[in-house]
Amino acid sequence: MHIVKLIPNKNSKYHFGEGSLEESSYIFHSNSLFSAIVNNFIKLYGVNEFNNYKEEIKKLKISSLFPAIYRIKDDNDSKLKIEDEILFIPKPMVMLGFDKETQSAIEEKPKDVKKIKFISIGALKKHNQRALKKITIGKEYLISDDEKNKFGYDKPENMDLFKKTIEQKVSIDRIKGITLEDNDKGQLYSIEFIKPLRGKQDNNGNINIVGFYFLADFNSIGEELRKKIKASINLIKDDGLGGKRSIGAGTFENITIDEFDENLEIDEGMLNKEYIERGKKYISKKKRISLSLTVPKDKDEFKCFSSYQLIKVGGYIYSVSNLESITKL
């Protein structure tokens, strides 16, 4: 397994749509990410080369793109050095494994937990050990006490990871490239962007930068295709991700591809533990988290989706090799 780390440019902005321009998600979903990689592949190697590999490319496994915090060492050289990181995933739809003291406090204010949208990998490990404390960045990002201390956060609950901005734009016909008119006036619309925030540089030359990451499994594809896929991923740095790239949104300062070997398995000794004073099972069996969009293939598989969050996907299917076939979902 590999991890792809994306460091935004200073003042970068992104629009990750889920069918609405008025709101941007913090997640760039796996189907859109896969399309971006394939389009970059065609830009680099052409349609004929893509056709040679198209069946094998389907074996590539990737997660969606999620938020992250990177501690960067600034040595005034050309390559950024990532000293440490906090990686977030969507909060699993299970009762989180807080320690006894934290659980008692949460039972008095249960709505606070409902506001949490993301949980860090470090917090997930604490959850698996039933030793999690409620430490959040803002109200939506749950982190572990170790991560809080490593990144020097004094009052993370007063912080935020992104700034949201609304910009007014004029509609352009995607096929003809002309302004859409409404009563002899251009059609105005609003679009939301998210801007990752940066901390101040400390005395040791470190700076905390909000960025993104995704996981990639190259094990099912050959070495030659693997090199081409990595080159296609690196092209994201300049070509960008998300909407409004034509006006400079979506680009990155740096992209790195590293090995990822985190062990997130649940200790067997923690299975079948009971909730505090509830008489219910804490973890009755090993559960899995889907880190990408998933579509059930049959009725039996659909029954498993009772523990998954459902979303409606919209937008446009776009191909760099067949511009006349832009299709709205």
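The rules behind the values
- Residues numbered from 1 in each chain as written.
- Predicted model: local features only at pLDDT ≥ 70, side-chain atom pairs only at ≥ 80, totals over all residues.
- Heavy atoms only, no water.
- pLDDT = per-residue confidence, 0-100.
- Contact = heavy atoms within 4.5 Å.
- Helix = DSSP H or I, 4+ residues; strand = E, 2+ residues; numbered from the N terminus.
- Phe/Tyr/Trp six-rings, centres within 6.5 Å; stacked < 30°, edge-to-face > 60°.
- Lys NZ or Arg CZ within 6 Å of the ring centre and 35° of its normal.
- Axes fitted to C-alpha atoms, helices over the stretch in contact; angles between N-to-C directions.
- Parallel < 35°, antiparallel > 145°, perpendicular 65-115°, else oblique.
- Left-handed = near helix turned anticlockwise from the far one by under 90°.
- Nonpolar A, V, L, I, M, F, W, Y, C, P; charged D, E, K, R; others polar.
- Salt bridge = Lys/Arg side-chain N within 4 Å of Asp/Glu carboxyl O.
- Buried < 20%, exposed > 50% of the residue type's maximum accessible area, 1.4 Å probe, protein only.
- Pairing = 2+ DSSP bridges.

Moving on: the confidence of the model for the protein chain. Of all residues in the protein chain, 80% attain a pLDDT of 70 or more, and the chain-wide mean is 83. Here residues 279-284 scores under 50 on pLDDT; set against residues more than four positions off or in separate chains, the count is 21 contacts. Counted against residues more than four places away or in other chains, residues 324-329, with its pLDDT under 50, gives 15 contacts.

The next point concerns unusual backbone geometry. Its identity is not glycine, yet Asn 11 carries a phi of approximately 70°, on the positive side. In this fold, Asn 11 is placed in the loop between strand E1 (2-8) and helix H1 (30-57). Here Lys 244, not a glycine, exhibits a phi torsion of approximately 60°, which is positive. Here Lys 244 shows up in the loop between helix H7 (236-239) and strand E13 (252-259).

Right, let's talk about the packing of aromatic side chains for a bit. This structure, assessed with the given rule, holds 15 aromatic pairs. Aromatic side chains Phe 118 and Tyr 141 sit 5.2 Å apart centroid to centroid with 5° between the ring planes, which places their arrangement in the stacked category. Here Phe 118 is found in strand E5 (residues 118-120), whereas its partner Tyr 141 is found in strand E7 (residues 141-143), with 23 residues between them in sequence. The ring centre of Phe 151 lies 5.4 Å from the NZ or CZ of Arg 71, which sits over that ring. The ring of Tyr 45 has Lys 228 lying over it, and the distance from NZ or CZ to the ring centre is 4.2 Å.

A few words now on the packing of H1 against helix H6 (residues 223-234). At a closest axis distance of 10 Å, the pairing of H1 and H6 adopts a crossing angle of 150°. Between H1 and H6, the angle falls in the class roughly antiparallel. For H1 against H6, the interelement crossing comes out left-handed. For the pair H1 and H6, the contacting residues are Ile 37, Asn 40, Phe 41, Leu 44, Tyr 45, Glu 49, Tyr 53, Glu 56 and Ile 57 in the first and Glu 224, Leu 225, Lys 228, Ile 229, Ala 231, Ser 232 and Ile 233 in the second. Taken together, the residues of the contact of H1 with H6 break down into 10 nonpolar, 2 polar and 4 charged.

Now for the pattern of salt bridges. Within this structure, the stated rule accounts for 12 salt bridges. In this structure, Lys 5 and Glu 85 form a salt bridge, with 2.7 Å as the shortest nitrogen-oxygen distance. With Lys 5 in strand E1 and Glu 85 in strand E4 (residues 81-90), this residue pair connects regions lying 80 residues apart in the sequence. A residue is classified by how much of its surface remains accessible, and Lys 5, at 8% relative accessible area, is buried. Glu 85 sits in the partly exposed class, given a relative accessible area of 23%. The shortest N-O distance in the salt bridge between Lys 150 and Asp 84 comes to 3.9 Å. Taken together, the positions of Lys 150 in helix H5 (residues 145-150) and Asp 84 in strand E4 put the pair 66 residues apart, joining distant regions of the chain. Given the relative accessible area of 52%, Lys 150 is considered exposed.

Below, the discussion takes up the pairing of strand E3 (residues 66-73). The buried fraction of E3 amounts to 7 of the 8 residues, a majority that puts the element mostly inside the structure. As judged from the 8 bridges shared by E3 and strand E12 (residues 206-217), these two strands associate in the antiparallel manner. Looking at E12, one finds that Tyr 70 is bridged to Ile 209. With 6 bridges joining them, E3 and E4 adopt antiparallel strand pairing.

Let us look at the side chain of Ser 64. Relative to the helices and strands, Ser 64 resides in the loop between strand E2 (61-62) and E3. A residue is classified by how much of its surface remains accessible, and Ser 64, at 2% relative accessible area, is buried. Beyond its immediate sequence surroundings of up to four residues, Ser 64 is in contact with Ile 27, Phe 28, His 29, Ser 30, Tyr 213, Phe 214, Leu 291, Ser 292 and Leu 293.

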